[in-house]
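Fold and contact review
As a plain string of letters, each chain reads:
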Amino acid sequence: MNWLRTSSFVSISTVLAFTAVIWYAAAVYLNSAVLIDKYERHKVEWDFSKLVDDSWSMDRPIMPAPHQIIFDLNKSIFKQKISSKRSLIYHGWVTISSTMVGFAMGGILGILLAVGIVHVPTLNKSVLPWIIASQTIPILAIAPMIIVGLGAIGVTGLLPKAIISAYLCFFPIAIGMVKGLRSPDPIHLDLMKTYNASKSQNFWKLRWPASTPFLFASFKVSIAISLVGAIVGELPAGARAGLGARLLTGSYYGQTIQIWSALIVASVLAATLVFLMTLLEKGVQKRMGVRL
Amino acid sequence: MEESTRVVESCKVDLVFETADSPVHALSKIDLDINKGDFVSLIGPSGCGKTSLIRVIADLEKPTGGEIKVNGFSPEEARLKRAYGYVFQSPALYSWRTVEGNLKLPLEIMGIEKAEQSKRAAEALKMVDLTGFEKKFPWQLSGGMQQRVSIARALTFYPDLLLMDEPFGALDEIVRDQLNEHFHKLWEQTQKTVVFVTHSIPEAAYLSTKIVIMSPRPGKIIDVIDSPLPKKRTLDMRETPEFLDLSHRIREGLRAGHSYD
Ligand SMILES: Nc1ncnc2c1ncn2[C@@H]1O[C@H](COP(=O)(O)OP(=O)(O)OP(=O)(O)O)[C@@H](O)[C@H]1O
Ligand SMILES: [Mg+2]
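Given the structure is predicted, the values throughout are model-derived calculations rather than measurements. (Residues numbered from 1 in each chain as written. Chains lettered and ligands numbered in written order. Predicted model: local features only at pLDDT ≥ 70, side-chain atom pairs only at ≥ 80, totals over all residues. Heavy atoms only, no water.)

Looking now at the overall build of chain A. Looking only at helices and strands, one finds twelve helices and zero strands in chain A. Going residue by residue from the N terminus, the α and β elements of chain A occur as α-α-α-α-α-α-α-α-α-α-α-α. On C-alpha atoms alone, chain A measures out to a radius of gyration of 25 Å, which is more than a quarter above the 19 Å that the 2.2 N^0.38 rule sets for 292 residues. If one aligns the C-alpha atoms of chain A with their principal axes, the spans along those axes are about 90 × 60 × 35 Å. Of the contacts formed within chain A by residues at least 6 apart in sequence, a portion of 71% connects residues at least 24 apart. As displayed, chain A has an accessible area near 16,300 Å², and 71% of this comes from carbon and sulfur atoms. Of the side chains in chain A, 26 bear a positive and 12 a negative charge, and the two mean positions are spaced by 18 Å. (Helix = DSSP H or I, 4+ residues; strand = E, 2+ residues; numbered from the N terminus. Rg over C-alpha atoms; globule rule 2.2 N^0.38 Å. Contact = heavy atoms within 4.5 Å. Areas by Shrake-Rupley, 256 points an atom, 1.4 Å probe, with all protein chains shown as cover. Lys, Arg positive; Asp, Glu negative; His and termini not counted. Charge placed at Lys NZ, Arg CZ, Asp CG, Glu CD.)

Counting residues in hydrophobic clusters, the biggest one holds 46 residues, and the most contacted among them are Met192(A), Tyr195(A), Leu42(B), Tyr86(B), Leu163(B) and Met214(B). Tallying contributions element by element places strand S2 (residues 24–35) of chain B first for this core, with five residues. Sequence-distant contacts of Leu42(B), defined by excluding residues within four places in its chain, comprise Lys50(B), Leu53(B), Ile54(B), Val195(B), Phe196(B), Val197(B), Thr198(B), Val212(B) and Met214(B). With 43 residues, the next largest nonpolar core counts Ile151(B), Val175(B), Phe183(B) and Ala205(B) among its residues. (Core = buried A, V, L, I, M, F, W, Y, C linked by side-chain atoms within 4.5 Å. Buried < 20%, exposed > 50% of the residue type's maximum accessible area, 1.4 Å probe, protein only.)

Residues and elements named next belong to chain A. Following both chains from N to C, one finds helix H10 (residues 199–233) and helix H12 (residues 256–287) inclined at 155 degrees, their axes separated by 9 Å at the closest point. Relative to H12, the element H10 lies roughly antiparallel. By crossing handedness, the relation of H10 to H12 is classed as right-handed. Along its contact with H10, which presents Phe 216, Phe 219, Lys 220, Ile 223, Ala 224, Leu 227 and Ile 231, the element H12 presents Ala 266, Leu 269, Ala 270, Leu 273, Val 274, Met 277, Thr 278, Leu 280, Glu 281 and Val 284. For the contact of H10 with H12, the per-class residue count stands at 14 nonpolar, one polar and two charged. (Axes fitted to C-alpha atoms, helices over the stretch in contact; angles between N-to-C directions. Parallel < 35°, antiparallel > 145°, perpendicular 65-115°, else oblique. Left-handed = near helix turned anticlockwise from the far one by under 90°. Nonpolar A, V, L, I, M, F, W, Y, C, P; charged D, E, K, R; others polar.)

All names here are of chain B. The protein atoms that coordinate the magnesium ion (ligand 2) are Thr 51 (OG1) and Gln 89 (OE1), at distances of 1.9 to 2.6 Å. Here the residue Thr 51 occupies a position in helix H1 (residues 50–57), and Gln 89 occupies one in the loop between strand S5 (84–87) and helix H3 (99–109), the gap between them amounting to 38 residues. We classify Thr 51 as partly exposed; its relative accessible area is 26%. Classification of Gln 89 as partly exposed rests on a relative accessible area of 44%. (Donors = N, O, S within 2.8 Å, 3.2 Å for Na, K, Ca; no water.)

Another point: the packing of helix H8 (residues 158–181) of chain A against H10(A). All names here are of chain A. Running from N to C, H8 and H10 point in directions that differ by 155 degrees, and their axes come no closer than 7 Å. Compared by their axis directions, H8 and H10 come out roughly antiparallel. The element H8 and its partner H10 pack so that their crossing is right-handed. A breakdown of the residues in the contact of H8 with H10 according to their chemical character gives 16 nonpolar, nine polar and three charged.

All names here are of chain B. Near ligand 1 you find 14 residues, and of these Ser 46, Gly 47, Lys 50, Thr 51 and Ser 52 are the closest. Between ligand 1 and His 199, the relevant distance is 3.0 Å, taken from an oxygen atom to a side-chain nitrogen or oxygen of the residue. Compared with its free state, where it exposes 640 Å², ligand 1 has 64% of that area covered by protein. For the shell around ligand 1, the secondary-structure elements that each account for two or more residues are S2 and H1. If you tally residues by element for the shell around ligand 1, the top one is H1, at three residues. Class assignment of the residues belonging to the shell around ligand 1 gives a composition of four nonpolar, eight polar and two charged. (Near = heavy atom within 4 Å. Polar contact = N/O pair within 3.5 Å; in protein donor to acceptor, adjacent residues only side chain to side chain.)

What follows covers the domain arrangement of chain A. Residues and elements named next belong to chain A. Its domain assignment divides chain A into domain 1 (2–63) and domain 2 (88–287). Computed from C-alpha atoms alone, the centre-to-centre distance between domain 1 and domain 2 is 38 Å. Listed by partner, the interface residues are seven residues for domain 1 and six residues for domain 2. Looking at the side of domain 1 facing domain 2, the largest losses of area belong to Trp 23, Arg 60 and Pro 61, adding up to 66% of the total buried there. For the interface between domain 1 and domain 2, the tally reads zero salt bridges. Its residues assigned to classes, the side of domain 1 that touches domain 2 comprises five nonpolar, no polar and two charged. (Domains from an automatic or database assignment. Buried area = accessible area lost by both parts, 1.4 Å probe. Salt bridge = Lys/Arg side-chain N within 4 Å of Asp/Glu carboxyl O.)

The structure is reproduced here in structure tokens:
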């Protein structure tokens, strides 16, 4: 086992090192045109090593170098008061709270829809096509309508963003749970029939526990999607807080370093959420005697 | 008076499965009466409709013709009254429940109180010789042990009628002997009515008061043998001339069924 861990450590660091090299090279390559142009205009003497130095330390680079992002992350996470508008913890919290609310709403909606679809034959025919159709509308088109529409009736802040998250994440949950609730063996359903079990006993003692693997699979997908929804919800109509707002102001003012920092925080958050969901899944699996 | 002791009464029962290509005649004109306290074995080649017949009794399949009564009611009414315990051909345990949890399943559904549930689960587990395995999950048990748990599960709610589809099929010879003996005692003490599917001639001869021989395509009853053996049986009895004679008759019957092919 030990050699396996060492070798995966080695391979991960190799990939990281490789990425860093390419990234630094790309920074030079992408920023060079702007820099050379500037040198020419100001009649500055330059050689390749100056070009490299400068392209890794620009204020508003086209492509920031990794260490610039790390400095910015350090500055905006550890060197700010948490409540400050400059703190990425503050913005991250704004985004994560609407992510969680949206995930909860989408989760409940998705599960309820699945329960309906599995138990009521007419819902199966009438609702399922609409659910699928709902996902063919690009979220970027619908997000501003939700924000503006709800804003017009005085609903602002967290809720509109959470609704966008919910809109995105109920879908995998509904589809996964329809499959999960239909997953019991016919013989298990027959067994319940011989006991003359009621509909709700059938649900709670058979369909629901049988569907947990499907539930967690779709939870893991939708919690990440929910985060994307929250960020997209922060883009339109001048939201002032959240990672999406940071991305937007960053692109207004050409603050590419700020954009990259926000992106990195967002992906760390997404990875953390999926990881926590996996932990929860492991716990539930243990209680349900799954062979790990 | 005689009516009240009839547990199963079937008259010209037919069962046809409509399949994509051609209809399958699983049961044809089944006439079978089972009285209270009978131990009836269904024996016959694979595909002759043994499972189909007990599924009809259990109301898991609706007959396409004829009439059948269980305890004087339609199979559906009998099922709604929880008239029988059913042991499937495979264990059909819930993987997310422990052995104990599986045994309590029918009791939870029937609304039996907690303390009584534990008592009955322990009792049923003892009956199949699995005491000590309460906290194990099904995958931690061998196939034969799982099947014994599924037998125990059917005993927990004290049904008067047991429908058992090859319950001992997955067991080795020794455990099978033990369970046969155990099960014979249980039946003798409790006066349960049992409908029992088996492929084993000695098992059918040892346990049954009535042996029903079936043949396939279409599934039908070709002979019913009333056992000449005394009601009380012992494993040693299997060496006696009466027992060997009975086994011989069953084998002859089965052979006659096969020769139609
Ligand atoms: N749900 C079904 N749909 C279509 N045909 C079926 C169905 N169930 C059983 N059959 C057919 O009915 C016939 C009898 O099947 P059944 O399961 O009752 O046999 P069996 O005697 O229990 O066999 P075995 O000893 O192999 O368990 C078979 O030909 C089978 O293919
Ligand atoms: Mg069968």
